[in-house]
Structures are given as structure tokens and as C-alpha cells.
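Chain and residue survey
For reference, the chains in residue letters:
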Amino acid sequence: PFLDSVAQLLLELRRVSATQWMLRALGAVATVLALMLVFGPMALFSHFGAVLITLTAALGVLLQCRRPDSDLGLLAPAAIVIALLAAGDSSMLQAAAVGLALLLAHSAFALAATIPVHGEFDGSAWRLAAAGLLPVLVLSAVAGVLVVLLSTVQLGAWMMVIGVLAAIGLFVAVLPQER
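Residues numbered from 1 in each chain as written. Predicted model: local features only at pLDDT ≥ 70, side-chain atom pairs only at ≥ 80, totals over all residues. Heavy atoms only, no water.

1. Considerations on the overall build of the protein
Test applied: Each helix corresponds to a stretch of at least 4 residues labelled H or I by DSSP, and each strand to a stretch of at least 2 residues labelled E; elements are numbered beginning at the N terminus. Throughout this description, buried means an accessible area under 20% of the type-specific maximum (1.4 Å probe, protein chains only), exposed means over 50%, and partly exposed covers the range between. The contact criterion used is simple: two residues touch if any of their non-hydrogen atoms lie within 4.5 Å. Residue exposure ignores everything except the shown protein chains as possible cover, and the areas themselves are Shrake-Rupley values with a 1.4 Å probe. The charged-residue count follows a simple rule in which Lys and Arg add positive charge and Asp and Glu add negative charge, with His and chain termini not counted at all. Charge coordinates come from a single atom per side chain, which is NZ of Lys, CZ of Arg, CG of Asp or CD of Glu.
When helices and strands are tallied, the protein shows seven helices and zero strands. Listing each helix as α and each strand as β along the protein from the N terminus yields α-α-α-α-α-α-α. Classification of the 179 residues of the protein by burial places 25% in the buried group. Contacts in the protein between residues at least 24 apart in sequence constitute 65% of all its contacts with a sequence separation of at least 6. Summing over all exposed atoms, the protein offers an accessible surface of approximately 12400 Å²; the carbon and sulfur share of this is 76%. Placing the 7 positive and 8 negative side-chain charges of the protein at their respective mean positions leaves the two points 6 Å apart.

Written out as C-alpha cells, the structure is:
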């Protein structure tokens, strides 16, 4: 029974299209790049915390590659963001590079989750996907510039209320609407 289940899993992998493999590989490579930007290529196993984050991210990438539409795909980005926050001495450029790599990984896995496993993309589908990604990139760039500009300004505690309202507004704007 064990060999039959392993053989069944291997047969399922043969049905995955080249477009799916490319999108999943792009997402995995971008996630590993983000992890390396946080720790550096040689420090992935330098101490217990780095090992824990690296193994958590690896598990998240494996789960995401197996099923791109799984909610467990948030495991790797969450671990990487926690590692970046815990590092403390990271520069703004490093944080932006990690964010860009995670955005690329998320976009690749999200696109892989929207097409059938055996589906192939033609030129018009790639253009449509790029047109959908363009507003995300523009909003990310605007948000990045705002963060850089506001990083030097000292704001009071009352700004937490505005920040929470802005986050709620963002969630309402990006969540799918029922029709």
C-alpha cells in the first residue's frame, strides 16, 4: 500500500504542465532568494533561530509547490518576515529587496493557483497576467516611497487609529467582491 501511494503521487506529478512547473519553480526560487537576503547565503544554518526559520521556510515552499492554492503557503513568507523583523539591524534597502522577492514569489504561486494543473499559457494569457500584476507593482512602489518618506517623521500614538483604519480600507479594497 505504501508503494502504491508513492507511485500515485509520482503519477500525479507527471500531469503537471510545464507552465505550472515554471511558475512553481519561480515562486520557490524567489522565496529562497528572500530567505538568503535576510540571513545571507552562508548563514542559513548558523544558529538555532536561523535553522528554525530556514526549515520552516523550506517546509512552506514544499507545501506551496505541492499545492499552490493552499493556505499553508503563508508559512514561508511569515517566517521570513519574522526573521527580518528579528534581525533588527537590517537596512531599508534589504527590507525592500526581501519584500520584492516575496511579492514575486506570491505572484508566481498565485498565478499557478489560478490555472488548472495541466493548463498551458499562451501569449494572451501572459499579457493578461502582466496587466493584472502592473497595478500591484505600482501600488507597492507608491507604498514603498511613502514608507521611506514617512520613516523620518515622528508621529504620535494617535496615528495608530489612522493606520488601523487604512489597513481595514486596504483589506476591503483588495478582498474579492461577491457579484
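Moving on, there is more to tell.
2. A look at the side chain of Thr54
To be explicit about the condition: We call two N or O atoms a polar contact when they sit within 3.5 Å, provided that within protein one can donate a hydrogen and the other can accept it, with sequence-adjacent residues counted only if both atoms are side-chain atoms.
Along the polypeptide, Thr54 turns up in helix α3 (residues 48-66). For Thr54, a relative accessible area of 7% corresponds to the buried category. Polar contacts involving the side chain of Thr54 include one to the main-chain carbonyl oxygen of Ala50, which spans 2.7 Å.

3. Some details on the confidence of the model for the protein
Note the cut-off: Every residue gets a pLDDT, meaning the predictor's confidence in that residue, from 0 to 100.
Looking at the protein, pLDDT values average 84 and 98% of them are 70 or higher. Helix α2 (residues 18-39) holds the highest mean pLDDT among the elements of the protein, 90, whereas helix α1 (residues 2-14) holds the lowest, 77.

4. So, helix α7 (residues 159-174)
Definition in use: Expected span of a helix: the number of residues minus one, times 1.5 Å.
Between its first and last C-alpha, α7 extends 22 Å over 16 residues, near the 22 Å set by a 1.5 Å rise per residue. α7 sits mainly on the outside: zero of its 16 residues count as buried.

5. Observations regarding α3
Which entries qualify depends on this criterion: To be clear, the arc concerns the directions from the helix axis to the C-beta atoms.
Compared with an ideal rise of 1.5 Å per residue, which puts 19 residues at 27 Å, α3 spans 27 Å between its outermost C-alpha atoms and is within 8% of the ideal. If you check which residues of α3 are buried, you get Ala50, Ile53, Thr54, Ala57, Gly60, Val61, Gln64 and Cys65. Angularly, the buried residues of α3 cover 130° about the axis, an arc narrow enough to put them on a single face. The outward face of α3, more than 90 degrees from its buried face, is lined by the exposed residues Phe48, Leu55 and Leu62. At its buried positions, α3 is contacted by α2, α4 (75-87) and α5 (92-114).

6. Some details on the environment of Ala79
Within the secondary structure layout, Ala79 lies in helix α4. Beyond its immediate stretch of four places on either side in the chain, Ala79 contacts Ile53 and Thr56.

7. A short note on the packing of aromatic side chains
Two descriptors summarise a pair of aromatic rings, namely the distance from one centre to the other and the angle between the planes of the rings. Quick note on the threshold: Side-chain rings of Phe, Tyr and Trp, where Trp is taken by its six-membered ring, are said to pair if the distance between their centres is within 6.5 Å; with planes under 30 degrees apart they count as stacked, over 60 as edge-to-face, and otherwise as tilted. By definition here, charges over rings are those cases where NZ of Lys or CZ of Arg is within 6 Å of the ring centre and within 35 degrees of the ring normal.
Overall, the coordinates contain zero aromatic pairs when judged by the stated rule. One cation-aromatic arrangement involves Arg24 over Trp21; the distance from NZ or CZ to the ring centre is 6.0 Å.

8. Some points on the environment of Trp21
For Trp21, the position within the fold is in helix α2. For Trp21 and Trp126, which are 105 residues apart along the polypeptide, the C-alpha to C-alpha distance reads 15 Å.

9. Side note on the pattern of salt bridges
Worth spelling out the cut-off: The term salt bridge refers to a pairing of a side-chain nitrogen on Lys or Arg with a carboxyl oxygen on Asp or Glu at a separation within 4 Å.
One pass over the full model with this rule turns up one salt bridge. The closest approach of N and O atoms between Asp69 and Arg67, which form a salt bridge, is 3.6 Å.

10. Observations regarding the packing of α5 against helix α6 (residues 123-150)
Rules: Under this scheme, a helix contributes an axis fitted over its contacting stretch, all axes are lines through C-alpha atoms, and angles between N-to-C directions fall in the 0 to 180 degree range. Should an angle lie under 35 degrees it is considered roughly parallel, over 145 roughly antiparallel, and from 65 to 115 roughly perpendicular; all remaining angles are considered oblique. By convention, the crossing between two helices is left-handed when the near helix turns anticlockwise from the far helix through less than a right angle, and right-handed when the turn is clockwise.
Two numbers describe how α5 lies on α6: the axes approach to 12 Å, and their chain directions differ by 155°. One finds that α5 runs roughly antiparallel with respect to α6. α5 and α6 meet at a crossing whose hand is right-handed. Listed contacts from α6 to Met92, Leu103, Ser107 and Leu111 of α5 are Trp126, Ala129, Leu133, Val136, Leu137, Ser140 and Val148.

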